[in-house]
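# Structural features, examined
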Amino acid sequence: MNFSKSKYCALWQCPKMAWLDKYKPSERAEDESAEQRFATGRSVGELAKGLLGAYEDATVELPDGSLDLGAMIKRTAALIERGATNICEAAFSYGGLYCAVDILHRENDGYAIYEVKSSTHVKGVYLADLAYQKYVLQKCGIRVVGTYVVNINNMYEYDGALDVNKLFCINDVAETVADEYAAVEKNLAAGEKLLACADEPRVDISQSCFSPYACAFWGYCTRGLPQPSVFDLYRASLAKKLELYRGGAVSFADIIASGVKLSDIQRTQIMHATEALPPHIDVAGIRGFLKTLSYPIYFLDFETVQLAVPEYAGTKPYAQVPFQYSLHYAEKRGGEVMHREFLGEPETDPRRALAESLCADIPTGVCVVAYNKEFECARIKELADIFPDLAEHLLDIRDNIVDLIVPFRKGYYYTRAMGGSFSVKSVLPALFPDDPALDYRSLDGVHNGTEAMTVFPQMKFMAADERARARESLLKYCELDTLALVKVLRELERVCEAAE
């Protein structure tokens, strides 16, 4: 056998995933957020190393920066022989089974395994991971007397001095790990047999494609499905999609034939996907929406960062901290569109400066447009709670926000190109397919919110020229987000004028 923790967990989630990892790794879809998650995991793991007191680290790196697993195994054995209380990255191998324990803690004439995770709750896959580690260690002659998951406490509020004992929760999961442990040998035997066979296993689409993690091979496994398929149906739950799929309602035509009850917008989506229909435009509905707006209009979009380990006083792990906004505005319909913006510095808490700038840039009593306004409204309410002297102005901005997604969610404007998605990044290219100035792919450096969230905290480690480029990329990206709102609103105004 040749197993690691990650391979075992892939097998635990879906046998086919583990097989594809071995035989068809090139079919894995690129995960834009993977490197950021790994970086977060590494930083959280480093912080947790001292959680149980002084420790020895068994990590040994080769000149190229990769891990020297053989040397780590030998170093771990030497540290155990010496009686080390805490060993981080303790490495073990048995019969081709390898694992490195985040924290191995000596207690009660044995050792406890502490698995460190950057999430805020305990997932089932963590228990499978621990069960595998326990199996390997006990086969290596280590008496395992405890199994724990260490995860982030999302109720911890940073006060300016980091307290790792409050940042982390330690969960005793021995009882549930025992149930998983009983299945390890059987799982390994099944996995060895599966991975020894070059024939692709027949595993159908299921909940395992999405849980506990979205499978990177989804595109490969669904390549034979009609496009679009039931999995593209707007606002249908995963459970409902799987129910329809298992019942044979795979294509949109199948869904219609099944007689399942559909919402109006789902029916519109299906009809436009299956027939060559012109755009669906409900002029009366759009006009009704436009009556909720008034000039001058301000178009607002925030960018936020979510840090597993909070860096700004008064914030909690993974809190949405706004660090940037873009603001386009027009005094009258069809008038000149002007632009303002704010971008903080990662070394300092950006919230006060952002809130002050927002109040300076948006007068009270004016109409503000956002897309999926709940996000902007929530951030503004948080700023008002933090800065009571600005609260009246901030809450006035919040109370005057109109949501530009409404006419699309209500089905007043639909085209086939939207594909059942009403995010601005689906609506914009559907309405303006030939405008390169509105193409997010043409941007340099930052193309989406995930990348913005990744780049901002990294800026403090960049050289001056690289930092300047990153700053410009963030500004251009956020500017396009609000320019998109301007263009979308003007298209809604245009179709109403054309119908007069």
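All of these numbers come straight from a predicted model, not from anything done at the bench. (Residues numbered from 1 in each chain as written. Predicted model: local features only at pLDDT ≥ 70, side-chain atom pairs only at ≥ 80, totals over all residues. Heavy atoms only, no water.)

## Some thoughts on the layout of surface pockets
In this structure, the second largest pocket spans a volume of roughly 480 Å³. Forming the boundary of the second largest pocket are 22 residues, of which D301, E303, K425, Y477 and D481 lie nearest the centre. Taken together, the elements giving at least two residues each to the lining of the second largest pocket come down to β8 (297-305), α14 (373-386), α17 (424-431), α18 (449-458) and α19 (464-498). In terms of residue count, the dominant contributor to the lining of the second largest pocket is β8 (five residues). Across the lining of the second largest pocket, the residue classes break down as nine nonpolar, eight polar and five charged. (1 Å grid on protein atoms, 1.4 Å probe; cavity = no way out; pocket = protein on both sides within 12 Å on 5 of 7 lines; lining within 4 Å. Points joined across faces, edges and corners; volume = space filled by probe spheres on them. Helix = DSSP H or I, 4+ residues; strand = E, 2+ residues; numbered from the N terminus. Nonpolar A, V, L, I, M, F, W, Y, C, P; charged D, E, K, R; others polar.)

## Concerning the sheet that holds β8
Ordered in space as β10-β9-β8-β11-β12, the five strands form an open sheet in which the pairing is mixed. Of all the strands in the sheet, just β10 (337-343) and β12 (401-403) have a single pairing partner and so form its edges. The mean angle between the axes of side-by-side strands here comes to 30°, regardless of whether they run parallel or antiparallel. Here β8 pairs with strand β9 (residues 321-330) via nine bridges, running antiparallel. Following the sheet pairing, F302 is matched in β9 by Y325. (Pairing = 2+ DSSP bridges. Axes fitted to C-alpha atoms, helices over the stretch in contact; angles between N-to-C directions.)

## A closer look at empty space enclosed by the protein
Rolled over the atoms, a probe sized like a water molecule indicates the empty space that remains. Applying the stated rule across the entire model yields one cavity of 30 Å³ or more. Of the pockets and cavities examined, the largest cavity occupies roughly 40 Å³. Together, L307, P310, E311, Y312, T315, K316, A319 and V321 line the largest cavity. Grouping the constituent residues of the lining of the largest cavity by class yields five nonpolar, one polar and two charged.

## A short note on the state of the cysteines
Within this structure, the stated rule accounts for zero disulfides. Looking at the unpaired C88, the closest cysteine sulfur is the one in C99, lying at 14 Å. With no disulfide of its own, C377 lies 12 Å from the sulfur of C367, the closest cysteine sulfur. (Disulfide = S-S within 2.5 Å.)

## A few points about the packing of aromatic side chains
Counting across every chain of the model gives 15 aromatic pairs. Considering the side-chain rings of F210 and W218, the 4.9 Å spacing of their centres and the 50° angle between planes classify their relative orientation as tilted. Measuring from ring centre to ring centre gives 6.1 Å for F408 and Y413, while their planes differ by 45°; the resulting arrangement is tilted. Considered together, F408 and Y413 belong to a single accessibility category, that of buried residues. Three or more aromatic residues link up through ring pairs in this structure, and these residues are F210, W218, F231 and Y245. Across the ring face of Y220, the terminal group of R223 is positioned such that the distance to the ring centre comes to 3.9 Å. It is R379 that lies over the ring of F375; its NZ or CZ is 4.8 Å from the centre. (Phe/Tyr/Trp six-rings, centres within 6.5 Å; stacked < 30°, edge-to-face > 60°. Buried < 20%, exposed > 50% of the residue type's maximum accessible area, 1.4 Å probe, protein only. Lys NZ or Arg CZ within 6 Å of the ring centre and 35° of its normal.)

## Some details on the pattern of salt bridges
One pass over the full model with this rule turns up 31 salt bridges. Here K49 ties to D57 by a salt bridge, and the two come within 2.5 Å at their closest N and O atoms. The buried category is assigned to K49, whose relative accessible area is 7%. A single network of salt bridges, built from pairs that share partners, joins K5, E115, K117 and D129. (Salt bridge = Lys/Arg side-chain N within 4 Å of Asp/Glu carboxyl O.)

## Re the packing of helix α1 (residues 5-13) against helix α2 (residues 15-23)
Here α1 crosses α2 at 135°, and the two axes come no closer than 5 Å. Compared by their axis directions, α1 and α2 come out oblique. On α2, the residues touching K7, A10, L11 and Q13 of α1 are P15, M17, A18 and D21. Among the residues forming the contact of α1 with α2, the class breakdown is five nonpolar, one polar and two charged. (Parallel < 35°, antiparallel > 145°, perpendicular 65-115°, else oblique. Contact = heavy atoms within 4.5 Å.)

## Concerning α14
With 14 residues, α14 extends 20 Å between its outermost C-alpha atoms, agreeing within 8% with the 20 Å of an ideal straight helix rising 1.5 Å per residue. Within the sequence span of α14, burial applies to E376, C377, R379, I380, L383 and A384. For α14, the angular spread of the buried residues around the axis is 165°, confining them to a single face. Seen from the buried face of α14, the exposed residues on the opposite side, beyond 90 degrees, are E374 and D385. (Expected span 1.5 Å × (residues − 1). Arc of directions from axis to C-beta.)

## Quick look at the sheet that holds strand β1 (residues 56-57)
As summarised here, the arrangement of the six strands in space is β1-β2-β3-β4-β5-β6, forming an open sheet in which the pairing is mixed. Edge positions in the sheet fall to β1 and β6 (168-172), since each has one partner strand and no second. For strand β2 (residues 86-94) and strand β3 (residues 97-107), the ladder comprises eight bridges, and the chain directions are antiparallel. Considered in β3, the bridge of F92 is made with C99.

## Some thoughts on the environment of A391
Along the chain, A391 falls in helix α15 (residues 388-399). Using a relative accessible area of 14% as the deciding quantity, one classes A391 as buried. Put simply, A391 and D403 are twelve residues apart on the chain and 21 Å apart in space, counted from C-alpha to C-alpha.

## A word on the packing of α1 against helix α5 (residues 124-139)
With their axes 9 Å apart at the nearest point, α1 and α5 run at an angle of 130° to one another. It follows from the interaxial angle that α1 and α5 lie oblique. Note on packing geometry: the crossing formed by α1 with α5 is right-handed. Residues K5, Y8, C9 and W12 of α1 touch α5, and the partners they reach there are G124, V125, A128, D129, Y132 and Q133. For the contact of α1 with α5, a count of residues per class yields six nonpolar, two polar and two charged. (Left-handed = near helix turned anticlockwise from the far one by under 90°.)

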